[in-house]
Amino acid sequence: QVQLVESGGGLVQAGGSLRLSCAASGRTFSTYAMGWFRQAPGKEREFVAAINWSGRSTYYGDSVKGRFTISRDNAKNTVYLQMNSLKPEDTAVYYCAANRRGDALDSHLVGYYYWGQGTQVTVSS
């Protein structure tokens, strides 16, 4: 069982930055690949980024490539999402998720077994 808790969301002006954190419980965190997804009102949940168990491999959705960076600290059981050059269209609830396949860089929701409760990010124009 893995519990995930996101933090770091908030209100920021366009062009600004935020760093999201996702703290995981359990001793198996370092074996899981991790992902970030987001969901805007009235839209489907969208893939943002994924990172493998070691942190050496990452994968990004096209809409955030070059602006967002995913990273992890296995000693702290935490995965991060650094978001730069934020745009109003980045406004959404951001979720982290854990994939039991440690080398998976999966953009599909069904690949993830555990989910956090989400944190709101609002970007004003």
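For clarity, every value in this text was computed on a predicted model and none was experimentally measured.

Calculation rules
Residues numbered from 1 in each chain as written. Predicted model: local features only at pLDDT ≥ 70, side-chain atom pairs only at ≥ 80, totals over all residues. Heavy atoms only, no water. Helix = DSSP H or I, 4+ residues; strand = E, 2+ residues; numbered from the N terminus. Rg over C-alpha atoms; globule rule 2.2 N^0.38 Å. Buried < 20%, exposed > 50% of the residue type's maximum accessible area, 1.4 Å probe, protein only. Contact = heavy atoms within 4.5 Å. Areas by Shrake-Rupley, 256 points an atom, 1.4 Å probe, with all protein chains shown as cover. Pairing = 2+ DSSP bridges. Disulfide = S-S within 2.5 Å. Core = buried A, V, L, I, M, F, W, Y, C linked by side-chain atoms within 4.5 Å.

How would you summarise the overall build of the protein chain if you had to cite specific residues and measurements?
Within the protein chain one finds zero helices and eleven strands. Reading the secondary structure of the protein chain in the N-to-C direction produces β-β-β-β-β-β-β-β-β-β-β. Over its C-alpha atoms the protein chain spans a radius of gyration of 13 Å, differing by no more than 12% from the 14 Å that the globule rule assigns to 125 residues. For the C-alpha atoms alone, the extent of the protein chain along its principal axes is close to 40 × 25 × 25 Å. Per-residue burial over the protein chain gives 46% buried out of 125 residues. A sequence separation of at least 24 residues applies to 59% of the contacts in the protein chain between residues at least 6 apart. As displayed, the protein chain has an accessible area near 6,400 Å², and 47% of this comes from carbon and sulfur atoms.

Describe the pairing of strand S1 (residues 4–7), naming the residues involved and giving the relevant values.
Alternating residues of S1 divide into Leu-4 and Glu-6, all buried, and Val-5 and Ser-7, none buried. Bridge count for S1 against strand S3 (residues 18–24) is four bridges, and the pairing is antiparallel. Each bridged residue has a counterpart across the sheet, and for Glu-6 the counterpart in S3 is Cys-22.

Break down the state of the cysteines for me, citing the residues and quoting the values.
Per the stated rule, a full pass over the model turns up one disulfide. Across the disulfide from Cys-22 sits Cys-96; the S-S distance is 1.9 Å. Taking the torsion about the sulfur-sulfur bond, which here is approximately 50 degrees, the covalent link between Cys-22 and Cys-96 counts as right-handed. Remark: Cys-96 occurs in strand S9 (residues 92–99) and Cys-22 occurs in strand S3; sequence separation between them is 74 residues.

Can you lay out the environment of Thr-28 for me, pointing to particular residues and giving the numbers?
Secondary-structure assignment places Thr-28 in the loop between S3 and strand S4 (33–39). Under the relative-accessibility criterion, Thr-28 is labelled partly exposed at 35%. Remark: the alpha-carbon pair of Thr-28 and Gln-1, spanning 27 residues in sequence, is separated by 8.8 Å.

If you had to explain the nonpolar core to someone new, which residues and values would you point to?
By size, the foremost hydrophobic cluster in this structure holds 30 residues, and its most contacted members are Leu-4, Met-34, Trp-36, Leu-81, Met-83 and Tyr-94. Among the nonpolar cores identified, the runner-up in size contains five residues, and Phe-37, Phe-47, Ala-50 and Ala-97 belong to it.

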